[in-house]
Amino acid sequence: MTTWGDFQAITQLSAGLNVAILSFVDISLPAIKERRRVFAKAREELEIHRKNPHKRTEVEKSAHAEAVGAVDRQLFDLWRETAAFESVEDSLMRSTGVFGFFGAILSLGLLWYSAIHYNDTLSLSGEMLTSLSFISLAGALGVNLFTASKASHYAKKCNELRDHMRQKL
C-alpha cells in the first residue's frame, strides 16, 4: 500500500519542474529573436547590393538588377513562409504559458494535498493527476523545442541566402 507520504518526493519533483516550466520560453525566445534579426539584416544587405556603385555599364547593371531581383524573390518567398509560421509561433508560446500555469497549479495543489494526507493511501486518481502534471511539463517542453527548431531552421535558410548574396552579388 503506497501512501501520499511515500509518493511525496515525486509530487515535489513535479511541483518544482512545473513551476520551472514558466522559464521554458527561454528555450525558444533566443531562436525567435535571432530569426527576426537575420531577416532584418538580410533586407538591409539586399538594399546595399541593389545600389551597387561598381556596376558601370548597362549590361552589368541589367545583369546585376536581375540577380538582385532573383534574390529578392527568394527572400520574399522565405519571408512569406515564416510569416505564416509567426502566427503559429505566437500561439505555441501562449500554449507554453497555459501548460505551465495548469501544471504548476495542479502540482502545487497535489503537493499541498500530499502534505495534509501524508499517511493516507494514495488513490489511483492521485497517481493519475501527478502523471498529468508531468505530461503538462512534457507538452510545454515539446512545444518550445519545436518552436526553437523551426525558428532556427528559418534563420539558417535566411543565412544561406545572405551568404549567396555576399558571394554572387
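Placed above this text is the structure.
Rules used throughout
- Residues numbered from 1 in each chain as written.
- Predicted model: local features only at pLDDT ≥ 70, side-chain atom pairs only at ≥ 80, totals over all residues.
- Heavy atoms only, no water.
- Helix = DSSP H or I, 4+ residues; strand = E, 2+ residues; numbered from the N terminus.
- Rg over C-alpha atoms; globule rule 2.2 N^0.38 Å.
- Buried < 20%, exposed > 50% of the residue type's maximum accessible area, 1.4 Å probe, protein only.
- Contact = heavy atoms within 4.5 Å.
- Areas by Shrake-Rupley, 256 points an atom, 1.4 Å probe, with all protein chains shown as cover.
- Lys, Arg positive; Asp, Glu negative; His and termini not counted.
- Charge placed at Lys NZ, Arg CZ, Asp CG, Glu CD.
- Salt bridge = Lys/Arg side-chain N within 4 Å of Asp/Glu carboxyl O.
- Phe/Tyr/Trp six-rings, centres within 6.5 Å; stacked < 30°, edge-to-face > 60°.
- Core = buried A, V, L, I, M, F, W, Y, C linked by side-chain atoms within 4.5 Å.
- Axes fitted to C-alpha atoms, helices over the stretch in contact; angles between N-to-C directions.
- Parallel < 35°, antiparallel > 145°, perpendicular 65-115°, else oblique.
- Left-handed = near helix turned anticlockwise from the far one by under 90°.
- Nonpolar A, V, L, I, M, F, W, Y, C, P; charged D, E, K, R; others polar.

Draft legend 1. Molecular detail of the overall build of the protein chain. Within the protein chain, the regular secondary structure consists of 4 helices and 0 strands. Starting at the N terminus and walking to the C terminus, you meet the elements of the protein chain as α-α-α-α. Expected size for 169 residues packed as a compact globule is a radius of gyration near 15 Å; at 25 Å, the protein chain overshoots this value by more than 25%. Considered along the principal axes of its C-alpha atoms, the protein chain spans approximately 90 × 20 × 20 Å. Split into buried and exposed, the 169 residues of the protein chain put 36% on the buried side. Restricting to contacts in the protein chain with at least 6 residues of sequence separation, those with at least 24 account for 92%. Surface exposure of the protein chain reaches about 10000 Å², of which carbon and sulfur atoms provide 63%. Distance between charge centres in the protein chain, computed from 20 positive and 19 negative side chains, equals 10 Å.

Draft legend 2. Summary view of the pattern of salt bridges. Under the definition given, this model contains 15 salt bridges. The closest approach of N and O atoms between Asp 77 and Arg 80, which form a salt bridge, is 2.9 Å. Placement of both Asp 77 and Arg 80 in helix 3 (residues 58-116) is noted, with a separation of 3 residues, approximately one turn of the helix. A salt bridge links Arg 166 to Asp 163; the shortest N-O distance between them is 2.7 Å. Placement of both Arg 166 and Asp 163 in helix 4 (residues 124-168) is noted, with a separation of 3 residues, approximately one turn of the helix.

Draft legend 3. Seen up close, the packing of aromatic side chains. In total, this model carries 4 aromatic pairs according to the counting rule given. Where Phe 76 meets Trp 79, the ring centres are 5.6 Å apart and the plane angle is 35°; that geometry is what we call tilted. Of this pair, Phe 76 and Trp 79 both sit in helix 3, separated by 3 residues, roughly a single helical turn. Of the residues examined, Trp 79 reaches a relative accessible area of 45% and is grouped as partly exposed. Relative to Phe 146, the ring of Phe 85 lies with its centre 6.4 Å away and its plane at 75°, an arrangement referred to as edge-to-face. Residue Phe 85 is found in helix 3, and its partner Phe 146 is found in helix 4; the two are separated by 61 residues along the sequence. Aromatic rings pair up to connect Phe 85, Phe 146 and Tyr 154 into one cluster.

Draft legend 4. The nonpolar core, seen in detail. Counting 14 residues, the largest nonpolar core has Phe 39, Leu 46, Val 71, Leu 75, Cys 158, Met 165 and Leu 169 as the members making the most contacts within it. Considering every element that reaches this core, the biggest residue donor is helix 3, with 5 residues.

Draft legend 5. Layout of the packing of helix 1 (residues 4-20) against helix 3. Packing of helix 1 against helix 3 brings their axes to within 8 Å, and their N-to-C directions diverge by 155°. With respect to each other, helix 1 and helix 3 are oriented roughly antiparallel. Where helix 1 crosses over helix 3, the two elements pack in a sense that is left-handed. Facing helix 1, whose interface residues are Trp 4, Gln 8, Thr 11, Gln 12, Ser 14, Ala 15, Asn 18 and Val 19, helix 3 presents Gly 100, Gly 103, Ala 104, Ser 107, Leu 108, Leu 110, Leu 111, Tyr 113, Ser 114 and Ala 115. By residue class, the composition of the contact of helix 1 with helix 3 is 9 nonpolar, 9 polar and no charged.

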